[in-house]
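A look at the structure
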Amino acid sequence: MIARLELQTRKRTEMIDITGEVQGEVARSGVRSGLCLVWVPHTTAGLTVNENADPSVRRDILAALDRLVPREGDYRHSEGNSDGHIKSTLCGRDVTLAVEEGALVLGTWQGLFFCEFDGPRRRSVIVKVFADR
Amino acid sequence: MIARLELQTRKRTEMIDITGEVQGEVARSGVRSGLCLVWVPHTTAGLTVNENADPSVRRDILAALDRLVPREGDYRHSEGNSDGHIKSTLCGRDVTLAVEEGALVLGTWQGLFFCEFDGPRRRSVIVKVFADR
Amino acid sequence: MIARLELQTRKRTEMIDITGEVQGEVARSGVRSGLCLVWVPHTTAGLTVNENADPSVRRDILAALDRLVPREGDYRHSEGNSDGHIKSTLCGRDVTLAVEEGALVLGTWQGLFFCEFDGPRRRSVIVKVFADR
(Lines give C-alpha, C1' and ligand atoms only; values in the text may rest on other atoms or scores of the structure.)
Protein backbone atom coordinates (compact mmCIF):
# COMPACT_ATOMS: atom_id res chain seq x y z
CA MET A 1 0.00 0.00 0.00
CA ILE A 2 1.39 3.39 -0.98
CA ALA A 3 -0.23 6.73 -0.20
CA ARG A 4 0.62 10.38 -0.64
CA LEU A 5 -0.12 13.08 1.93
CA GLU A 6 -0.44 16.69 0.79
CA LEU A 7 0.75 19.64 2.90
CA GLN A 8 0.75 23.41 2.59
CA THR A 9 3.64 24.92 4.55
CA ARG A 10 3.29 28.49 5.83
CA LYS A 11 6.81 29.69 6.68
CA ARG A 12 10.29 29.51 5.18
CA THR A 13 11.37 26.97 7.82
CA GLU A 14 8.89 24.98 9.83
CA MET A 15 8.38 21.57 11.47
CA ILE A 16 4.91 20.09 11.02
CA ASP A 17 3.73 17.10 13.06
CA ILE A 18 2.45 14.45 10.62
CA THR A 19 2.29 11.53 13.06
CA GLY A 20 -1.51 11.40 13.03
CA GLU A 21 -1.76 11.46 9.23
CA VAL A 22 0.84 8.70 8.86
CA GLN A 23 -0.89 6.63 11.55
CA GLY A 24 -4.13 7.14 9.58
CA GLU A 25 -2.49 5.57 6.51
CA VAL A 26 -1.29 2.62 8.61
CA ALA A 27 -4.86 2.10 9.84
CA ARG A 28 -6.26 2.37 6.29
CA SER A 29 -3.74 -0.22 5.05
CA GLY A 30 -5.09 -2.84 7.45
CA VAL A 31 -1.53 -3.94 8.25
CA ARG A 32 -1.25 -5.20 11.85
CA SER A 33 2.48 -5.96 11.93
CA GLY A 34 5.12 -4.69 9.52
CA LEU A 35 7.13 -1.65 8.49
CA CYS A 36 6.14 1.86 7.44
CA LEU A 37 8.44 3.87 5.17
CA VAL A 38 7.87 7.63 5.12
CA TRP A 39 9.58 9.56 2.33
CA VAL A 40 9.83 13.25 1.44
CA PRO A 41 10.14 13.61 -2.38
CA HIS A 42 11.66 17.11 -2.16
CA THR A 43 15.26 18.33 -2.01
CA THR A 44 14.78 21.37 0.27
CA ALA A 45 12.74 19.61 2.93
CA GLY A 46 13.33 16.75 5.35
CA LEU A 47 11.82 14.37 7.84
CA THR A 48 12.76 13.90 11.48
CA VAL A 49 11.50 12.43 14.74
CA ASN A 50 11.69 14.51 17.88
CA GLU A 51 9.71 15.74 20.89
CA ASN A 52 6.02 16.33 20.27
CA ALA A 53 5.23 18.05 23.59
CA ASP A 54 7.05 21.39 24.05
CA PRO A 55 7.01 23.41 20.76
CA SER A 56 10.22 25.13 21.95
CA VAL A 57 12.11 21.98 20.93
CA ARG A 58 11.08 22.50 17.30
CA ARG A 59 12.05 26.18 17.52
CA ASP A 60 15.47 25.23 18.96
CA ILE A 61 16.11 22.62 16.23
CA LEU A 62 15.22 25.08 13.44
CA ALA A 63 17.30 27.86 15.06
CA ALA A 64 20.32 25.55 15.42
CA LEU A 65 20.06 24.53 11.76
CA ASP A 66 19.86 28.23 10.78
CA ARG A 67 22.99 28.92 12.82
CA LEU A 68 24.91 25.97 11.33
CA VAL A 69 23.71 26.61 7.75
CA PRO A 70 22.90 30.32 7.30
CA ARG A 71 20.60 31.42 4.51
CA GLU A 72 23.35 33.61 3.03
CA GLY A 73 26.80 32.12 2.58
CA ASP A 74 29.47 31.07 0.13
CA TYR A 75 27.00 29.30 -2.14
CA ARG A 76 27.13 28.74 -5.91
CA HIS A 77 23.61 27.42 -6.50
CA SER A 78 21.76 30.43 -7.87
CA GLU A 79 18.24 29.81 -6.56
CA GLY A 80 18.91 31.26 -3.10
CA ASN A 81 17.97 28.03 -1.33
CA SER A 82 21.31 26.26 -0.93
CA ASP A 83 20.76 26.34 2.81
CA GLY A 84 17.58 24.30 2.30
CA HIS A 85 19.40 21.65 0.23
CA ILE A 86 22.17 21.35 2.84
CA LYS A 87 19.70 21.10 5.73
CA SER A 88 17.82 18.38 3.83
CA THR A 89 20.99 16.27 3.72
CA LEU A 90 21.81 16.91 7.40
CA CYS A 91 18.25 16.12 8.52
CA GLY A 92 17.49 13.20 6.21
CA ARG A 93 14.34 12.62 4.17
CA ASP A 94 13.33 9.05 4.98
CA VAL A 95 12.26 7.35 8.19
CA THR A 96 11.35 3.68 8.53
CA LEU A 97 9.13 2.77 11.49
CA ALA A 98 7.95 -0.52 12.93
CA VAL A 99 4.20 -1.29 12.93
CA GLU A 100 2.79 -3.50 15.70
CA GLU A 101 -0.89 -4.15 16.48
CA GLY A 102 -1.83 -1.77 13.69
CA ALA A 103 0.07 1.18 15.17
CA LEU A 104 3.40 2.93 14.62
CA VAL A 105 5.96 1.97 17.28
CA LEU A 106 7.06 5.32 18.75
CA GLY A 107 8.49 6.39 22.08
CA THR A 108 6.27 8.33 24.50
CA TRP A 109 7.56 11.74 23.43
CA GLN A 110 8.27 10.98 19.78
CA GLY A 111 6.43 12.67 16.93
CA LEU A 112 7.22 12.48 13.21
CA PHE A 113 7.85 15.89 11.66
CA PHE A 114 7.89 17.18 8.11
CA CYS A 115 10.70 19.77 8.00
CA GLU A 116 10.24 22.67 5.59
CA PHE A 117 13.52 24.40 4.69
CA ASP A 118 12.41 26.54 1.72
CA GLY A 119 8.74 27.39 2.17
CA PRO A 120 6.05 28.31 2.00
CA ARG A 121 5.19 25.68 -0.60
CA ARG A 122 2.81 22.87 -1.41
CA ARG A 123 4.56 19.64 -0.41
CA SER A 124 3.84 15.95 -0.35
CA VAL A 125 4.94 12.95 1.72
CA ILE A 126 4.93 9.35 0.54
CA VAL A 127 3.86 6.59 2.95
CA LYS A 128 4.38 2.92 2.19
CA VAL A 129 3.11 0.26 4.59
CA PHE A 130 4.66 -3.16 4.32
CA ALA A 131 3.16 -6.27 5.98
CA ASP A 132 5.06 -9.01 7.79
CA ARG A 133 4.53 -12.44 6.40
CA MET B 1 9.69 -10.42 15.40
CA ILE B 2 10.12 -7.37 17.58
CA ALA B 3 12.45 -7.11 20.58
CA ARG B 4 13.53 -4.44 23.00
CA LEU B 5 17.09 -4.06 24.31
CA GLU B 6 17.67 -2.28 27.62
CA LEU B 7 20.71 -0.08 28.28
CA GLN B 8 22.06 1.94 31.19
CA THR B 9 24.17 4.84 29.96
CA ARG B 10 26.91 6.21 32.23
CA LYS B 11 27.81 9.67 30.89
CA ARG B 12 26.04 12.74 29.52
CA THR B 13 27.20 11.90 25.99
CA GLU B 14 28.40 8.47 24.99
CA MET B 15 28.45 6.02 22.07
CA ILE B 16 27.75 2.39 23.01
CA ASP B 17 28.41 -0.45 20.58
CA ILE B 18 25.20 -2.54 20.34
CA THR B 19 26.15 -4.56 17.25
CA GLY B 20 26.45 -7.82 19.21
CA GLU B 21 23.09 -7.41 20.96
CA VAL B 22 21.31 -6.60 17.68
CA GLN B 23 23.00 -9.54 15.97
CA GLY B 24 21.78 -11.69 18.89
CA GLU B 25 18.19 -10.66 18.13
CA VAL B 26 18.67 -11.49 14.45
CA ALA B 27 19.91 -14.97 15.46
CA ARG B 28 16.98 -15.46 17.86
CA SER B 29 14.51 -14.48 15.13
CA GLY B 30 15.66 -17.35 12.91
CA VAL B 31 15.53 -15.04 9.88
CA ARG B 32 18.17 -16.02 7.30
CA SER B 33 17.54 -13.30 4.73
CA GLY B 34 15.66 -10.04 5.26
CA LEU B 35 15.86 -6.63 6.87
CA CYS B 36 16.55 -5.48 10.42
CA LEU B 37 15.12 -2.15 11.62
CA VAL B 38 16.78 -0.67 14.72
CA TRP B 39 14.92 2.21 16.38
CA VAL B 40 15.70 4.46 19.36
CA PRO B 41 12.40 5.50 21.03
CA HIS B 42 13.96 8.57 22.71
CA THR B 43 14.25 12.21 21.63
CA THR B 44 17.64 13.03 23.17
CA ALA B 45 19.50 9.98 21.86
CA GLY B 46 20.36 8.62 18.43
CA LEU B 47 21.73 5.73 16.45
CA THR B 48 24.69 5.70 14.09
CA VAL B 49 27.10 3.39 12.31
CA ASN B 50 30.79 4.14 12.43
CA GLU B 51 34.22 2.67 13.13
CA ASN B 52 34.30 -0.04 15.79
CA ALA B 53 38.10 -0.31 16.09
CA ASP B 54 39.76 2.87 17.40
CA PRO B 55 37.71 4.41 20.27
CA SER B 56 39.19 7.81 19.33
CA VAL B 57 36.71 7.91 16.44
CA ARG B 58 33.80 7.88 18.89
CA ARG B 59 35.47 10.58 20.99
CA ASP B 60 36.01 12.73 17.87
CA ILE B 61 32.37 12.34 16.76
CA LEU B 62 31.02 13.29 20.19
CA ALA B 63 33.45 16.25 20.45
CA ALA B 64 32.47 17.52 17.00
CA LEU B 65 28.78 17.34 17.91
CA ASP B 66 29.52 19.25 21.15
CA ARG B 67 31.32 21.93 19.14
CA LEU B 68 28.51 22.23 16.58
CA VAL B 69 25.71 22.10 19.17
CA PRO B 70 26.99 23.41 22.52
CA ARG B 71 25.19 22.49 25.74
CA GLU B 72 24.52 26.16 26.49
CA GLY B 73 23.14 28.36 23.74
CA ASP B 74 20.22 30.45 22.56
CA TYR B 75 17.68 27.78 23.51
CA ARG B 76 14.03 28.20 24.59
CA HIS B 77 13.29 24.64 25.75
CA SER B 78 13.57 24.86 29.52
CA GLU B 79 14.82 21.39 30.39
CA GLY B 80 18.49 22.14 29.68
CA ASN B 81 18.77 19.42 27.05
CA SER B 82 18.03 21.25 23.81
CA ASP B 83 21.47 20.23 22.59
CA GLY B 84 20.45 16.58 23.00
CA HIS B 85 17.28 17.06 20.94
CA ILE B 86 19.19 18.83 18.16
CA LYS B 87 21.93 16.18 18.09
CA SER B 88 19.25 13.48 17.87
CA THR B 89 17.89 15.07 14.69
CA LEU B 90 21.40 15.51 13.18
CA CYS B 91 22.43 11.94 14.03
CA GLY B 92 19.17 10.15 13.25
CA ARG B 93 17.40 7.51 15.36
CA ASP B 94 16.71 4.67 12.93
CA VAL B 95 18.95 2.41 10.91
CA THR B 96 17.77 -0.32 8.52
CA LEU B 97 20.25 -3.12 7.81
CA ALA B 98 20.24 -6.04 5.41
CA VAL B 99 20.30 -9.58 6.84
CA GLU B 100 21.96 -12.34 4.81
CA GLU B 101 22.75 -15.90 5.95
CA GLY B 102 21.38 -15.01 9.37
CA ALA B 103 23.78 -12.11 9.92
CA LEU B 104 23.71 -8.32 9.67
CA VAL B 105 25.42 -7.09 6.49
CA LEU B 106 28.07 -4.65 7.76
CA GLY B 107 31.38 -3.40 6.41
CA THR B 108 34.61 -4.64 8.01
CA TRP B 109 34.99 -1.61 10.27
CA GLN B 110 31.33 -0.86 10.86
CA GLY B 111 29.69 -1.08 14.28
CA LEU B 112 26.19 0.05 15.27
CA PHE B 113 26.21 2.59 18.10
CA PHE B 114 23.58 3.85 20.49
CA CYS B 115 24.31 7.57 20.96
CA GLU B 116 23.46 9.08 24.34
CA PHE B 117 23.07 12.86 24.24
CA ASP B 118 21.44 13.51 27.65
CA GLY B 119 22.57 10.80 30.06
CA PRO B 120 23.12 9.03 32.22
CA ARG B 121 19.73 7.35 31.82
CA ARG B 122 18.02 4.02 31.35
CA ARG B 123 17.37 3.65 27.63
CA SER B 124 15.89 1.12 25.27
CA VAL B 125 16.34 0.15 21.63
CA ILE B 126 13.71 -1.54 19.46
CA VAL B 127 14.81 -4.25 16.99
CA LYS B 128 12.48 -5.60 14.33
CA VAL B 129 13.61 -8.41 12.04
CA PHE B 130 11.72 -8.85 8.82
CA ALA B 131 12.02 -11.97 6.62
CA ASP B 132 12.24 -12.08 2.84
CA ARG B 133 9.58 -14.10 1.17
CA MET C 1 18.00 -10.11 -3.83
CA ILE C 2 21.23 -8.50 -2.73
CA ALA C 3 23.78 -6.87 -5.03
CA ARG C 4 27.00 -4.94 -4.66
CA LEU C 5 27.96 -1.96 -6.81
CA GLU C 6 31.63 -1.05 -7.17
CA LEU C 7 32.87 2.55 -7.44
CA GLN C 8 36.19 4.27 -7.88
CA THR C 9 36.13 7.76 -6.35
CA ARG C 10 38.47 10.43 -7.75
CA LYS C 11 38.68 13.18 -5.12
CA ARG C 12 38.96 13.50 -1.36
CA THR C 13 35.30 14.58 -1.12
CA GLU C 14 32.82 13.96 -3.86
CA MET C 15 29.14 13.17 -4.48
CA ILE C 16 28.49 10.56 -7.18
CA ASP C 17 25.00 10.00 -8.61
CA ILE C 18 24.22 6.27 -8.34
CA THR C 19 20.47 6.49 -9.06
CA GLY C 20 20.79 4.75 -12.42
CA GLU C 21 22.89 1.87 -11.06
CA VAL C 22 20.50 1.29 -8.15
CA GLN C 23 17.50 1.44 -10.51
CA GLY C 24 19.31 -1.14 -12.65
CA GLU C 25 19.46 -3.52 -9.67
CA VAL C 26 15.75 -2.98 -9.01
CA ALA C 27 15.02 -3.89 -12.65
CA ARG C 28 17.27 -6.98 -12.45
CA SER C 29 15.49 -8.13 -9.28
CA GLY C 30 12.16 -8.32 -11.09
CA VAL C 31 10.44 -6.75 -8.05
CA ARG C 32 7.44 -4.63 -9.12
CA SER C 33 6.38 -3.35 -5.69
CA GLY C 34 8.45 -3.33 -2.51
CA LEU C 35 11.34 -1.65 -0.77
CA CYS C 36 14.96 -1.02 -1.76
CA LEU C 37 17.62 -0.67 0.93
CA VAL C 38 20.86 1.02 -0.14
CA TRP C 39 23.79 0.70 2.26
CA VAL C 40 27.35 2.07 2.29
CA PRO C 41 29.65 -0.42 4.10
CA HIS C 42 32.31 2.23 4.84
CA THR C 43 32.88 4.54 7.81
CA THR C 44 34.27 7.57 5.96
CA ALA C 45 31.58 7.75 3.29
CA GLY C 46 27.84 8.29 3.26
CA LEU C 47 24.66 8.24 1.22
CA THR C 48 22.23 11.07 0.61
CA VAL C 49 19.40 12.17 -1.64
CA ASN C 50 19.45 15.65 -3.10
CA GLU C 51 19.08 17.66 -6.30
CA ASN C 52 20.28 15.91 -9.44
CA ALA C 53 20.04 18.91 -11.80
CA ASP C 54 22.43 21.76 -10.89
CA PRO C 55 25.87 20.39 -9.86
CA SER C 56 26.35 23.54 -7.74
CA VAL C 57 24.06 21.97 -5.15
CA ARG C 58 26.55 19.13 -4.65
CA ARG C 59 29.41 21.62 -4.42
CA ASP C 60 27.50 23.67 -1.82
CA ILE C 61 26.70 20.57 0.29
CA LEU C 62 30.34 19.41 0.28
CA ALA C 63 31.60 22.94 1.05
CA ALA C 64 29.15 23.32 3.95
CA LEU C 65 30.27 19.98 5.41
CA ASP C 66 33.92 21.09 5.06
CA ARG C 67 33.11 24.31 6.92
CA LEU C 68 31.22 22.51 9.72
CA VAL C 69 33.78 19.68 10.02
CA PRO C 70 37.21 20.93 8.92
CA ARG C 71 39.87 18.44 7.85
CA GLU C 72 42.20 19.68 10.58
CA GLY C 73 40.83 20.08 14.08
CA ASP C 74 40.98 18.88 17.68
CA TYR C 75 40.96 15.22 16.67
CA ARG C 76 42.48 12.21 18.46
CA HIS C 77 42.06 9.55 15.76
CA SER C 78 45.50 9.32 14.22
CA GLU C 79 44.64 8.43 10.62
CA GLY C 80 43.96 12.02 9.53
CA ASN C 81 40.40 11.25 8.47
CA SER C 82 38.36 12.07 11.57
CA ASP C 83 36.47 14.62 9.49
CA GLY C 84 35.37 11.81 7.17
CA HIS C 85 34.05 9.70 10.07
CA ILE C 86 32.14 12.66 11.51
CA LYS C 87 30.63 13.60 8.13
CA SER C 88 29.56 9.97 7.66
CA THR C 89 27.53 10.15 10.88
CA LEU C 90 26.01 13.56 9.97
CA CYS C 91 25.12 12.43 6.44
CA GLY C 92 23.99 8.88 7.17
CA ARG C 93 24.90 5.71 5.28
CA ASP C 94 21.58 4.01 4.59
CA VAL C 95 18.55 5.03 2.57
CA THR C 96 15.37 2.99 2.17
CA LEU C 97 13.26 3.73 -0.90
CA ALA C 98 9.86 2.58 -2.06
CA VAL C 99 9.59 0.55 -5.29
CA GLU C 100 6.41 0.84 -7.36
CA GLU C 101 5.81 -0.52 -10.88
CA GLY C 102 9.40 -1.74 -10.93
CA ALA C 103 10.91 1.70 -10.30
CA LEU C 104 12.32 3.64 -7.36
CA VAL C 105 9.84 6.21 -6.04
CA LEU C 106 11.75 9.52 -6.18
CA GLY C 107 10.74 13.15 -6.47
CA THR C 108 11.29 14.97 -9.76
CA TRP C 109 14.59 16.53 -8.67
CA GLN C 110 15.83 13.73 -6.41
CA GLY C 111 18.96 11.73 -7.14
CA LEU C 112 20.70 9.21 -4.87
CA PHE C 113 24.32 10.12 -4.17
CA PHE C 114 27.29 8.19 -2.83
CA CYS C 115 29.24 10.68 -0.68
CA GLU C 116 33.00 10.22 -0.52
CA PHE C 117 34.60 11.87 2.52
CA ASP C 118 38.10 10.32 2.44
CA GLY C 119 38.96 9.50 -1.16
CA PRO C 120 40.10 8.71 -3.64
CA ARG C 121 39.34 5.03 -2.93
CA ARG C 122 37.66 1.96 -4.29
CA ARG C 123 34.24 1.77 -2.65
CA SER C 124 31.18 -0.42 -2.75
CA VAL C 125 27.45 0.01 -2.18
CA ILE C 126 25.05 -2.74 -1.13
CA VAL C 127 21.56 -2.85 -2.67
CA LYS C 128 18.83 -5.11 -1.32
CA VAL C 129 15.44 -5.26 -3.04
CA PHE C 130 12.56 -6.57 -1.01
CA ALA C 131 9.21 -7.61 -2.56
CA ASP C 132 5.73 -6.87 -1.18
CA ARG C 133 3.59 -9.87 -0.56
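Before any of the text, the structure's been laid out above.
In this report, the structure presented in the accompanying data block is examined. Counting of residues starts from 1 at the beginning of each chain's written sequence and follows it residue by residue. Labels follow written order: the first chain is A, the first ligand is 1, and so on. This being a predicted model, a pLDDT of at least 70 is required before a residue's local features are given, and a value of 80 or more before pairs of side-chain atoms are given or counted; all residues contribute to the totals for chains, interfaces and linings. Computation of side-chain values: all heavy atoms of the structure, hydrogens and water removed.

The secondary structure content of chain A amounts to 3 helices and 8 strands. Sequence-ordered secondary structure for chain A, helices as α and strands as β, is β-β-α-β-β-α-α-β-β-β-β. Summarising its shape, the C-alpha atoms of chain A cover approximately 50 × 30 × 25 Å along the three principal directions. Residues classed as buried in chain A amount to 65% of the 133 residues present. In chain A, the share of contacts with a sequence separation of at least 24, taken over all contacts with a separation of at least 6, comes to 83%. As displayed, chain A has an accessible area near 5000 Å², and 46% of this comes from carbon and sulfur atoms. Within chain A, the 19 negative side-chain charges are centred at a point lying 4 Å from the centre of the 18 positive side-chain charges. Here a strand is any run of E in DSSP of at least two residues, a helix any run of H or I of at least four, and the numbering for each starts at the N terminus. When a residue's accessible area, from a 1.4 Å probe over protein chains only, is under 20% of the maximum for its type it is buried; when over 50% it is exposed; and in between it is partly exposed. Whether two residues are in contact is decided by their heavy atoms: any pair within 4.5 Å suffices. Areas reported as accessible are Shrake-Rupley estimates using a 1.4 Å probe. Residue values count occlusion only from the protein chains shown. In summary, the charge assignment counts Lys and Arg as positive and Asp and Glu as negative, without counting His or the chain termini. For this purpose, a charge sits on NZ of Lys, CZ of Arg, CG of Asp or CD of Glu.

A few words now on unusual backbone geometry. Across the junction of G119(A) and P120(A), the peptide omega takes the value -5°, indicating a cis bond. The topology assignment puts P120(A) in the loop between β7 (110-116) and β8 (122-131). A positive phi angle is found at E101(B), which is not glycine, with a value near 50°. Counting through the fold element by element, E101(B) comes out in the loop between β5 (94-100) and β6 (103-104).

Taken residue by residue, the interface counts 31 residues in chain A and 34 residues in chain C. Roughly 2600 Å² is buried in total at the junction of chain A and chain C, and carbon and sulfur atoms are behind 58% of that figure. By definition, the buried area sums, over both parts, the 1.4 Å-probe accessible area that each loses when the two are put together. Area buried by chain A at its contact with chain C is led by W39(A), T89(A) and F130(A), which between them contribute 23% of it. For salt bridges, the criterion is a side-chain nitrogen of Lys or Arg within 4 Å of an Asp or Glu carboxyl oxygen. Along the contact surface separating chain A from chain C lie 3 salt bridges. A salt bridge links D132(C) to K128(A), with the nearest nitrogen and oxygen atoms 3.0 Å apart. Any N or O atom pair separated by 3.5 Å or less is treated as a polar contact, with the protein-specific requirement of one donor-capable and one acceptor-capable atom, and with residues adjacent in sequence counted only for side-chain atom pairs. Across the contact surface, chain A and chain C share 18 residue pairs in polar contact (both at pLDDT 80 or more). Counting residues per element, the ones that place at least two in the side of chain A that touches chain C are β3 (34-39), α3 (82-91), β5 (94-100) and β8 of chain A.

Turning next to the environment of A53(C). In this fold, A53(C) is placed in the loop between β4 (45-51) and α2 (55-68). Ignoring any residue separated from it by four or fewer positions in sequence, one finds A53(C) in contact with R58(C) and W109(C).

The two copies are related by a screw operation: chain C maps onto chain B through 120° of rotation and 0.0 Å of translation along the axis, at an RMSD of 0.0 Å. On this basis, the relationship between the two copies can be described by a three-fold rotation axis. In terms of C-alpha distance to the rotation axis, chain C has L90(C) as its closest residue, with the C-alpha 3.4 Å off the axis. Alignment of the copies relies on least squares applied to C-alpha atoms, considering only residues that score at least 70 for pLDDT in both.

Right, let's get into the side chain of D132(C). Mapped onto the fold, D132(C) is located in the segment after β8 (122-131). When its relative accessible area of 16% is taken as the criterion, D132(C) is described as buried. Engagement of the side chain of D132(C) in a polar contact is seen with the side chain of K128(A), the distance being 3.0 Å. Separated by 2.5 Å, the side chains of D132(C) and S33(C) make a polar contact.

Turning our eyes to something else, we now look at the sheet that holds β7(A). All names here are of chain A. Taken in spatial order, the 3 strands make up an open sheet running β2-β7-β4, and their pairing is antiparallel. Unpaired on one side and paired on the other, β2 (14-17) and β4 (45-51) mark the two borders of the sheet. Geometrically, the sheet is characterised by an average inter-axis angle of 35° between neighbouring strands, direction not taken into account. A pair of strands counts as paired when DSSP detects no fewer than two bridges linking them. Pairing of β4 with β7, which is carried by 7 bridges, proceeds in the antiparallel orientation. Within β7, the position partnered with V49 by the bridge is L112. Axis definition: a line fitted to C-alpha atoms, over the contacting stretch in the case of helices. Angles run 0 to 180 degrees between N-to-C directions.

Moving on: the pattern of salt bridges. All names here are of chain A. All told, the structure shown has 33 salt bridges over all chains when counted by the stated rule. Measuring nitrogen to oxygen at the nearest pair gives 3.4 Å for the salt bridge that ties D118 to R12. Placement of the pair is D118 in the loop between β7 and β8 and R12 in the loop between β1 (2-8) and β2, with a sequence separation of 106 residues. Comparing D118 with R12, the two get one shared label, buried. Members of the salt-bridge network, linked through shared partners, are R12, D83, D118 and R121.

Our focus in this paragraph is α3(A). Burial within α3(A) is extensive, with 10 of its 10 residues counted as buried. Phi turns positive, to about 90°, at G92(A), one or two residues after α3(A).

On to the interface of chain C and chain B. Each partner contributes to the interface: chain C provides 31 residues, whereas chain B provides 34 residues. Where chain C abuts chain B, roughly 2600 Å² becomes buried across the two surfaces, and 58% of that area is made up of carbon and sulfur atoms. Contact with chain B buries area across many residues of chain C, yet W39(C), T89(C) and F130(C) alone supply 23% of it, more than any other trio. Here chain C is connected to chain B by 3 salt bridges. Among the salt bridges present, the one from R59(B) reaches D74(C), with a minimum N-O distance of 3.1 Å. Elements that contribute at least two residues to the side of chain C that touches chain B include exactly β3 (34-39), α3 (82-91), β5 (94-100) and β8 of chain C.

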